[in-house]
Amino acid sequence: MAEYSKRRLGTTDIWLSELGFGAGPAGWLRSERAEDDVLELVEAAWSRGIRYFDTAPLYGYGASERRLGAFLRGQDRSAFVVSTKVGRRLLRPSEQRRADMPFVFDYSADATLRSIEASCDRLGLQQIDIALIHDIDTYTHGDAQPMRYREALEGAHRALDDLRHQGAVRAIGLGVNEWAVCESFAREVDIDCILLAGRHTLLERAAQRRFVPFCKEMGIGLIAGGPYNSGILASGAVVEAKYDYALADPEIVARVRRIEAVCNAFGNSLPGAGLAYCLRPSVVTSVIPGISTLAELDTTVRAAAEVISDKFWPALEEADPLGS
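Residues numbered from 1 in each chain as written. Predicted model: local features only at pLDDT ≥ 70, side-chain atom pairs only at ≥ 80, totals over all residues. Heavy atoms only, no water.

Enquirer: Can you tell me about the packing of aromatic side chains, naming the residues and giving the values?
Expert: The full count for this structure, using the stated rule, is 14 aromatic pairs. Their ring planes at 10° and their centres at 6.4 Å tell us that W46 and F53 sit as a pair that is stacked. Of the residues examined, W46 reaches a relative accessible area of 14% and is grouped as buried. Look at F312 and W313: their rings are 4.9 Å apart centre to centre, the planes differ by 80°, and that puts the pair in the edge-to-face class. (Phe/Tyr/Trp six-rings, centres within 6.5 Å; stacked < 30°, edge-to-face > 60°. Buried < 20%, exposed > 50% of the residue type's maximum accessible area, 1.4 Å probe, protein only.)

Enquirer: Give a detailed account of the confidence of the model for the chain, specifying residues and quantitative values.
Expert: For the chain, per-residue confidence averages 96 on the pLDDT scale, and 99% of positions sit at 70 or higher. Least confident of the elements in the chain is strand β6 (residues 88-90), whose mean pLDDT is 95; most confident is strand β8 (residues 128-134), at 99. (pLDDT = per-residue confidence, 0-100. Helix = DSSP H or I, 4+ residues; strand = E, 2+ residues; numbered from the N terminus.)

Enquirer: So, the environment of R89: which residues are in play, and what are the values?
Expert: Take R89: it is sitting in strand β6. Along the sequence, R89 and R114 sit 25 residues apart, while their C-alpha atoms lie 8.5 Å from each other. Leave out the neighbours within four places in its chain, and R89 touches E95, P102, F103, V104, D106, A111 and R114. (Contact = heavy atoms within 4.5 Å.)

Enquirer: Before we move on, can you summarise the pairing of strand β5 (residues 81-86) with the specific residues and values?
Expert: In terms of residue burial, β5 counts as a mostly covered element, since six of its six residues are buried. The alternating pattern of β5 places V81, S83 and K85 on one face and V82, T84 and V86 on the opposite face, and all of these are buried. Bridge count between strand β4 (residues 52-54) and β5: three bridges; the pairing is parallel. Within the sheet, the bridge partner assigned to D54 lies in β5 and is S83. Since β4 and β5 lie parallel, the crossover through helix α3 (residues 63-72) that links them has a hand, and here it is right-handed. (Pairing = 2+ DSSP bridges. Right-handed = clockwise from strand over helix to strand, strands pointing away.)

Enquirer: I'd love a proper account of the side chain of D135, names of residues and values included.
Expert: With respect to the element layout, D135 can be found in the loop between β8 and α5 (138-141). For D135, the contacting residues outside a window of four places in its chain are R88, Y107, T140, H141, G175, V176 and N177.

Enquirer: Before we move on, can you summarise unusual backbone geometry with the specific residues and values?
Expert: Positive phi values are uncommon outside glycine, yet Y61 reaches one of about 50°. Assignment of secondary structure puts Y61 in the loop between β4 and α3.

Enquirer: Just give me the short version of the nonpolar core, but keep the residues and values in it.
Expert: Residues F53, I133, I136, F211 and I232 are the most contacted members of the largest nonpolar core, which totals 87 residues. If sequence neighbours within four positions are ignored, I133 has contacts with V86, Y107, A152, A156, H157, L160, G173, L174, G175, V176 and F185. The next biggest cluster of nonpolar side chains, apart from the first, holds 13 residues, and it includes L9, A171, A197 and I288. (Core = buried A, V, L, I, M, F, W, Y, C linked by side-chain atoms within 4.5 Å.)

Enquirer: Could you give an account of the pattern of salt bridges, naming the residues involved and the relevant values?
Expert: In the structure shown here, the tally under the stated rule is 29 salt bridges. Measuring nitrogen to oxygen at the nearest pair gives 3.3 Å for the salt bridge that ties R89 to D106. Residue R89 is found in strand β6, and its partner D106 is found in the loop between β7 (103-105) and α4 (109-123); the two are separated by 17 residues along the sequence. Since its relative accessible area comes to 13%, D106 is described here as buried. Among the ionic pairs, R114 bridges to D110, the shortest N-O distance being 3.0 Å. In this pair, R114 and D110 are both assigned in helix α4, four residues apart and thus about one turn of the helix distant. A relative accessible area of 41% means that R114 is categorised as partly exposed. Among the charged side chains, a salt-bridge network with shared partners connects R205, R255, R258, E317 and D320. (Salt bridge = Lys/Arg side-chain N within 4 Å of Asp/Glu carboxyl O.)

Given below as structure tokens:
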């Protein structure tokens, strides 16, 4: 298969395949064959034309980066783009106070430099293409969010900006689940891109009206993560469907049923409409669903190939005005 069409990331010289590979789920696989399964999965994504891969130290506590690197380090370095993240410092076993907490939040400049170095080691790469400051939102930090935000602004951003000028990373930005904090951060310092997870989807359409125009005005490249809102926009309104990492409540389930009805009327799948929605604005460079199995990859590739009628979108707004 030929490579997917590519879009330029903001004003940088980086071009991303419109369909990317979210390597978060692949980091959490724990079967005896996990390493081989992920290698096969990434190789299959490559064979289907995907050339952008997103990971983070958090995903499997280093396993995602290591497994991704096992394949990518054998490819032509100019042929693919990798993004990873900073903000969580992985602890050595001797440093861990709790077995279920093998990291600490650390957005300092020193921790950021060490995080990038460790990510390069796990990936087996000399350079990170896109370095993102991870999860500086209220959902993650609660009352501590203002402190973490300031730490990231004065520490992590400064370190990444230096690395960008040195050529050690090619672009810097944020990887966050809340767009308001991204807008605030981008008004204070220079960033190239934002990976916005779960907030630019068929169910979350407010960003289209407010945040997407901001990114376009600022020349910031937008990457759409979590296009399925943790699963429900892939599975549909089934029993125990997940929305934002939890069971979907009845209102969300009812909305998805209405959206599914529009999809059926136009002969499209729910995942196909979901991916197409994310890519509608030109400022969105890539959409990166999390993928953990070959079946999920095949479903995603088929969905990405669907053609969505221009008449679909007004029908969506009429059936589900709550998304806006």
